[in-house]
Amino acid sequence: MNRQISIAIDGPAAAGKSTVAKIVAEKLSYIYIDTGAMYRALTYKAIQQQASIEDEAALMEILNSTTIDLQPGTEGQLIYLDGQDVTNQIRSSEVTNSVSIVSRHKLVREEMVLRQQSFAQNGGVVMDGRDIGTHVLPLAEVKIFLLASVDERAIRRHTENVQKGFPSDLEKLKKEISLRDRLDSEREVAPLKKAEDAVEIDTTSLSIVQVVEKIMDLAYERIGSK
Ligand code: CDP
Ligand code: CDP
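What you are looking at is a predicted structure, and each value in this text was computed from that prediction instead of being measured. (Residues numbered from 1 in each chain as written. Chains lettered and ligands numbered in written order. Predicted model: local features only at pLDDT ≥ 70, side-chain atom pairs only at ≥ 80, totals over all residues. Heavy atoms only, no water.)

Considering the confidence of the model for the protein
Okay, so step 1: Per-residue pLDDT for the protein has a mean of 95; in total, 98% of the residues score no lower than 70.
Okay, so step 2: Reported for the predicted complex are a pTM of 0.97 and an ipTM of 0.97. (pLDDT = per-residue confidence, 0-100.)

So, the UniProt feature "domain: Cytidylate kinase" (unreviewed entry) in the protein
Okay, so step 1: Within this numbering scheme, the UniProt entry marks residues 7-219 as carrying the feature "domain: Cytidylate kinase" (unreviewed entry).
Okay, so step 2: Here residues 7-219 is 50% helix and 17% strand, with 8 Å between the C-alpha atoms at its ends. (UniProt positions renumbered as here; feature names shortened; annotations may be inferred. Helix = DSSP H or I, 4+ residues; strand = E, 2+ residues; numbered from the N terminus.)

With respect to the side chain of serine 103
Okay, so step 1: Among the structural elements, serine 103 can be located in the loop between helix H5 (99-102) and helix H6 (106-119).
Okay, so step 2: Residues within four places of serine 103 in sequence aside, it is in contact with Tyr39, Arg109, Asp184 and Arg187. (Contact = heavy atoms within 4.5 Å.)

Examining the site of ligand 1
Okay, so step 1: Lining the immediate surroundings of ligand 1 are 20 residues, of which Arg40, Arg109, Asp131, Arg180 and Asp184 lie closest.
Okay, so step 2: Taking arginine 130, its main chain carries an N or O atom lying 3.1 Å from a nitrogen atom of ligand 1.
Okay, so step 3: Between ligand 1 and aspartate 184, the relevant distance is 2.6 Å, taken from an oxygen atom to a side-chain nitrogen or oxygen of the residue.
Okay, so step 4: Out of a free accessible area of 530 Å², ligand 1 has 97% covered by protein chains.
Okay, so step 5: Of all the secondary-structure elements, those providing two or more residues to the shell around ligand 1 are helix H2 (35-48), H5 and helix H9 (170-186). (Near = heavy atom within 4 Å. Polar contact = N/O pair within 3.5 Å; in protein donor to acceptor, adjacent residues only side chain to side chain. Areas by Shrake-Rupley, 256 points an atom, 1.4 Å probe, with all protein chains shown as cover.)

Some points on helix H3 (residues 56-64)
Side chains of residues three or four places apart in an α-helix project in the same direction, reflecting 3.6 residues per turn.
Okay, so step 1: Buried within H3 we find Leu59, Met60, Ile62 and Leu63. Taken end-on, H3 shows its buried residues confined to a sector of 160 degrees, consistent with a single buried face. Turned more than 90 degrees away from the buried face of H3 sit Ala57, Glu61 and Asn64, all of them exposed.
Okay, so step 2: Residues of H3 that are buried in the fold lie against H2, strand E3 (68-73), H5 and H6.
Okay, so step 3: With a side-chain oxygen positioned 3.2 Å from the backbone nitrogen of alanine 57, the residue opening H3 is aspartate 55. (Buried < 20%, exposed > 50% of the residue type's maximum accessible area, 1.4 Å probe, protein only. Arc of directions from axis to C-beta.)

Some points on the environment of alanine 25
Okay, so step 1: Within the fold, alanine 25 resides in helix H1 (residues 17-28).
Okay, so step 2: Along the chain, alanine 25 and glutamate 56 lie 31 residues apart, while their C-alpha atoms are 34 Å from each other.
Okay, so step 3: Every residue in contact with alanine 25, bar those within four places of it in the chain, is listed here: Tyr30, Ile31, Tyr32 and Val126.

Some points on the packing of H1 against helix H10 (residues 208-223)
Okay, so step 1: Following both chains from N to C, one finds H1 and H10 inclined at 45 degrees, their axes separated by 10 Å at the closest point. The angle between the axes of H1 and H10 places the two elements in the oblique class. The chirality of how H1 crosses H10 is right-handed. For the pair H1 and H10, contact is made by Thr19, Val20, Ile23, Val24, Lys27 and Leu28 and by Ile208, Val211, Val212, Ile215, Met216, Ala219, Tyr220 and Ile223, respectively.
Okay, so step 2: Of the residues belonging to the contact of H1 with H10, the class tally is twelve nonpolar, one polar and one charged. (Axes fitted to C-alpha atoms, helices over the stretch in contact; angles between N-to-C directions. Parallel < 35°, antiparallel > 145°, perpendicular 65-115°, else oblique. Left-handed = near helix turned anticlockwise from the far one by under 90°. Nonpolar A, V, L, I, M, F, W, Y, C, P; charged D, E, K, R; others polar.)

What about the nonpolar core?
Okay, so step 1: Of all hydrophobic cores here, the largest spans 34 residues; its most connected members are Ile68, Ile79, Val108, Met112 and Leu137.
Okay, so step 2: Broken down by secondary-structure element, the contributors of at least two residues to this core are H2, H3, E3, strand E4 (76-81), H5, H6, strand E6 (125-129) and helix H7 (132-136).
Okay, so step 3: Of all the elements, H2 adds the most residues to this core, at seven residues.
Okay, so step 4: If sequence neighbours within four positions are ignored, methionine 112 has contacts with Met38, Tyr39, Leu42, Leu63 and Ile68.
Okay, so step 5: Membership of the second largest hydrophobic core comes to 22 residues, among which are Val24, Tyr32, Leu146 and Ile201. (Core = buried A, V, L, I, M, F, W, Y, C linked by side-chain atoms within 4.5 Å.)

As for the site of ligand 2
Okay, so step 1: The environment of ligand 2 is formed by 15 residues, the closest being Ala14, Lys17, Ser18, Thr19 and Arg157.
Okay, so step 2: At 2.9 Å from an oxygen atom of ligand 2 is found a side-chain nitrogen or oxygen belonging to glutamate 160.
Okay, so step 3: Leucine 206 places a polar main-chain atom, nitrogen or oxygen, 3.0 Å from a nitrogen atom of ligand 2.
Okay, so step 4: Considering ligand 2 on its own, with 540 Å² of exposed area, one finds that the protein chains cover 82% of that surface.
Okay, so step 5: Residue assignment for the shell around ligand 2 shows that the elements contributing at least two residues are H1, helix H8 (150-164) and H10.

Digging into the sheet that holds strand E7 (residues 142-147)
Okay, so step 1: On the basis of which strands lie adjacent, the open sheet formed by five strands has the order E2-E6-E1-E7-E8 and parallel pairing. Here the strands that pair on one side only, and so sit at the sheet edges, are strand E2 (31-34) and strand E8 (199-202). Put simply, the sheet's adjacent strands are angled 20 degrees from each other on average, direction ignored.
Okay, so step 2: Taken together, the four bridges between strand E1 (residues 6-10) and E7 define a ladder with parallel strand orientation. Its bridge partner lying in E7, aspartate 10 is registered against phenylalanine 145.
Okay, so step 3: The strands that H1 touches are E1, E2, E6 and E7; relative to E6, the one it contacts most, it runs at about 175 degrees. (Pairing = 2+ DSSP bridges.)

And the structure:
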């Protein structure tokens, strides 16, 4: 059997991380871990419990008594919060607009990183997020930093919303994505940043297939064979 490596995929919102990470994981028969979904699940629970998302102690109390499981489903990954499927709920705009506040707390990040590392302890993992190559899996054999212009990323989210029949406003999406980029890049703890040894791919004018091919080439270089 080929060597099982770890692949870290970071980048800003709607750069295509989860779409390509899922395909790469499938091709290699690896597990896929969407770390953003974990921060979203905690944010969702905090909102449900009417906790302040500014209050680190309150968030930690919630997190310490919360299980977050990621399971493969037929149409993508399913997210379970304390055993309940919250896959759709965690994508609401209320959660999206609060998650970058929740994720800037140091203790919250420390606990999430421990959980993410335990998911990846046996290798054979494709993990996407903001700090995977820099903090969660600093020894990952393949590190990718995906980029795309804000305009392109907003169009991608807008198209996705329209396809799903969700209400969507392109200009509002541009503003929300830019704000989240800023909060995620400027936070003190583990900000969104390209790892020094990551390969940057600007996906603005690339198809999903082209991005997947580039990552698969890098993966096979490290695994040693096709
Ligand atoms: O899918 P999208 O790119 O919109 O975001 P996501 O990957 O679901 O991540 C949601 C938010 O969680 C991000 O905007 C970050 O604030 C936070 N996050 C993080 O801080 N670190 C990670 N490793 C993953 C996500
Ligand atoms: O995970 P992240 O937030 O980085 O992005 P995503 O949810 O994987 O991708 C956002 C949308 O962009 C999806 O609808 C993808 O199908 C689309 N996409 C694209 O149009 N072209 C690419 N090269 C990558 C993704």
